Amino acid sequence: MRVCVIGLGYVGFPTACLVARAGHEVIGVDVNRSVIDRLAQGRLHIVNEDGLAELAEAVLRSGRLRVATVPEPVDVFIIAVPTPFRPAQAVDEAAATSTSSPLDRPQGAAGLPGPDGRGPAGPSEPPFLADLSFVEAAVRGLAPHVKPGNLVILESTVPPRTTEDVVRATLEREGVDVARVRFAHAPERVLPGNVVRELVDNDRIVGGLTPEDTRLACEFYRTFVRGEVVGTDAATAELVKLMENTFRDVNIALANEFAKVGEVLGIDVWEAIRLANRHPRVNFLRPGPGVGGHCIAVDPYFIAEVAPTVTPLIQTARMVNRGMPGHALELLADLAGGRLPGRVAVLGAAYKADVGDDRESPSYEVIRLLEERAVKVAVHDPHVERFRKPLEEVLAGAEAILLLTDHRAYRSLDPCAAGRLVARRLLLDTRGFLEAAPWQAAGFRVARLGAGILEVSPGNSEGRAGSG
Ligand code: SAJ
């Protein structure tokens, strides 16, 4: 088949490569000319993805994957563009000046009852709405090329009913005979850093607007997915995707709440979680300085958007996780004797370990909060280009080390060498990542999120949680 993948980001590009490897003729489209120019020269715009470079090289060289800035007529269109979120007001203003509504939901574009945009009994989480402008632009772009019998698949994460109310509706407004076009939602579920393997091996949920749409879309995915391809309807597929990420967000919020409980009680919550997880039906995720990335920190809002009054738990979880950067600052102040240190070396800008992706990274909120309080901040990250610099440069003159991302590279930090550079020898580990004892032996006062300030306990290889 001829396939057009619109959006060559961290999901769209590997997908285009895999579809091409499966024998289809693929055209990859992106509005970003510099991405297209790079790819046309065989240079990749995505790094830190196992197996992607080899795969991309092979399909680009074979000609099975071509790249362009505009779509062409094909059999299957796959839309894999970003769906960020925006404060409700910004989306509403955009909707007011646009001829097409971002989401034709029953409650209208404002979506949320009450003058403050929140459900009456809802928690005080600001209303964020899905920004579907990229999806709409992609659909308008492919409209001139869509023919009867074509399959249009939306992979971007969206609020329930978007495939019908936005994708199909926009095509219809563009004059396409949508009755004879097939539509499906096939949410991507891959973990950044492991995308190529997960795209092939993960089970795939595929929901069409009609049973025949589902059948055809499932058939297509089976040509390159080894995991099970499970059919459902489009709205269910849309909800499933949001549920998966919300499940994680709520679980992490619970872990973060217990982290604060651990700090109050002087109990190391990391140890408590390890022990609780020995129960066969308990599986806590890990606390940390907040939830980043463009998925888990975003998707719960898409549910709150369409069902604001019945999602207090989901909204509260967001609030808890969004509060973690502020909590990290409180701990840092405690560690430094009540006031924030004047200079801080931040280790880790990426939103999670061993990736170069820093979208929605809680590190930036921590840095913003520190700088707002006139703290001088130096940032290091071996995976984020602008923070890739000698570690000594970042540590020199700092009063405290603040570990925000648990990159493997930080395991080999030498506490003694760091101790010679860091003036007040303070260390706050927000990821439960570093073993405290060697740092304490090197003269550091150590705090750990989820445990508080760690006492030095001679004869014990690990510092015990104090009541800090
Ligand atoms: N985090 C914690 N504690 C944990 C796990 C994660 O604080 O125990 C934080 C991470 O540090 C990070 C954020 O949460 O800042 C998200 O990281 P993640 O590894 O949990 O997830 P993502 O955002 O990289 O990818 C998720 C995955 N979803 C699920 O596991 C349900 C992935 O499969 C999805 O495809 C992806 O979202 C997406 O695109 O939606």
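See above for the structure.
Let me sum up the structure you'll find in this document. Counting starts from 1 at the beginning of each chain's written sequence and moves along it residue by residue. Local features in this predicted model are restricted to residues of pLDDT 70 or higher, and side-chain atom pairs are both shown and tallied only at a pLDDT of 80 or more, whereas totals for entire chains, interfaces and linings draw on every residue. Only hydrogens and water are removed before side-chain values are computed, so all heavy atoms of the structure are retained for them.

Digging into the pairing of strand β2 (residues 25–29)
Phase 1: β2 sits mainly inside the fold: four of its five residues count as buried.
Phase 2: The sheet contact formed by strand β1 (residues 2–6) and β2 spans five bridges and is parallel. The partner of Val 3 across the bridge, within β2, is Val 26.
Phase 3: Orienting the strands away from the viewer, one traces the path from the first strand over the helix to the second; a clockwise path indicates a right-handed crossover. Helix and strand definitions here come from DSSP, where helices need a minimum of 4 consecutive H or I residues and strands a minimum of 2 consecutive E residues; each element is numbered from the N-terminal end. What joins β1 to β2 is helix α1 (residues 12–21), and the crossover it makes is right-handed.
Phase 4: Examined bridge by bridge, β2 and strand β3 (residues 65–68) share four bridges and lie parallel to one another. Looking across to β3, one finds that Val 29 is bridged to Ala 68. Only protein chains enter the area calculation, which uses a 1.4 Å probe; residues under 20% of their type maximum are buried, those over 50% are exposed, and those in between are partly exposed. The pairing criterion is simple: DSSP has to find at least two bridges between the two strands.

A word on the side chain of Glu 198
Phase 1: Relative to the elements of secondary structure, Glu 198 occurs in helix α7 (residues 195–201).
Phase 2: Contacts are assigned to residue pairs with any non-hydrogen atoms lying within 4.5 Å of each other. Excluding residues within four positions of it along the chain, Glu 198 makes contact with Arg 189, Val 190 and Leu 191.

Some remarks on the sheet that holds β1
Pairing between sheet strands relies on hydrogen bonds along the backbone, with the strands arranged either parallel or antiparallel.
Phase 1: The eight strands are arranged β3-β2-β1-β4-β7-β8-β9-β10 in an open sheet whose pairing can be described as mixed. Sheet topology places β3 and β10 (229–233) at the edges, where each strand pairs with a single neighbour. Going across the sheet, the axis of each strand differs from the next one's by a mean of 25°, ignoring polarity.
Phase 2: In the sheet, strand β9 (residues 204–208) pairs with β10 via five bridges, with the strands oriented parallel. For Arg 204, the partnering residue across the bridge sits in β10 and is Val 229.
Phase 3: Most of the contacts of α1 go to β3, to which it runs at about 145°, and overall it touches β1, β2, β3 and β4 (76–79). Axis geometry follows a simple rule: fit a line to the C-alpha atoms, using only the stretch in contact for helices, then measure angles between N-to-C directions, giving values from 0 to 180 degrees.

A look at a nonpolar patch on the surface
Phase 1: On the surface, Leu 254, Phe 258, Val 261, Val 264, Leu 265 and Ile 267 cluster together into a nonpolar patch covering about 540 Å² of accessible area.
Phase 2: For Val 264, a relative accessible area of 66% gives the class exposed. Residues with no salt bridge and a relative accessible area higher than 30% make up the patches, which join like charges within 9 Å and nonpolar side chains (Val, Leu, Ile, Met, Phe, Trp, Tyr) within 5 Å. Method for areas: the Shrake-Rupley scheme with a 1.4 Å probe, in which residue coverage is limited to the protein chains shown. A pair is scored as a salt bridge if a Lys or Arg side-chain nitrogen falls within 4 Å of a carboxyl oxygen belonging to Asp or Glu.

Digging into the packing of aromatic side chains
Phase 1: Paired rings are identified among Phe, Tyr and Trp, the last through its six-membered ring, by centres lying within 6.5 Å, and are further divided according to the angle between planes into stacked (under 30 degrees), edge-to-face (over 60) and tilted (the rest). Within the structure shown, the criterion is met by nine aromatic pairs.
Phase 2: Ring centres of Tyr 364 and Phe 387 lie 6.4 Å apart, and the angle between their planes is 45°; this geometry places the pair in the tilted category. Of this pair, Tyr 364 sits in helix α14 (residues 362–372) while Phe 387 sits in the loop between β12 (376–380) and α15 (391–395); the two residues are 23 residues apart in sequence, bridging distant segments of the chain.
Phase 3: Phe 387 sits in the buried class, given a relative accessible area of 10%.
Phase 4: Judged by centre distance (5.0 Å) and plane angle (80°), the ring pair of Trp 439 and Phe 444 falls under edge-to-face. Neither residue differs from the other here; Trp 439 and Phe 444 are each classed as buried.

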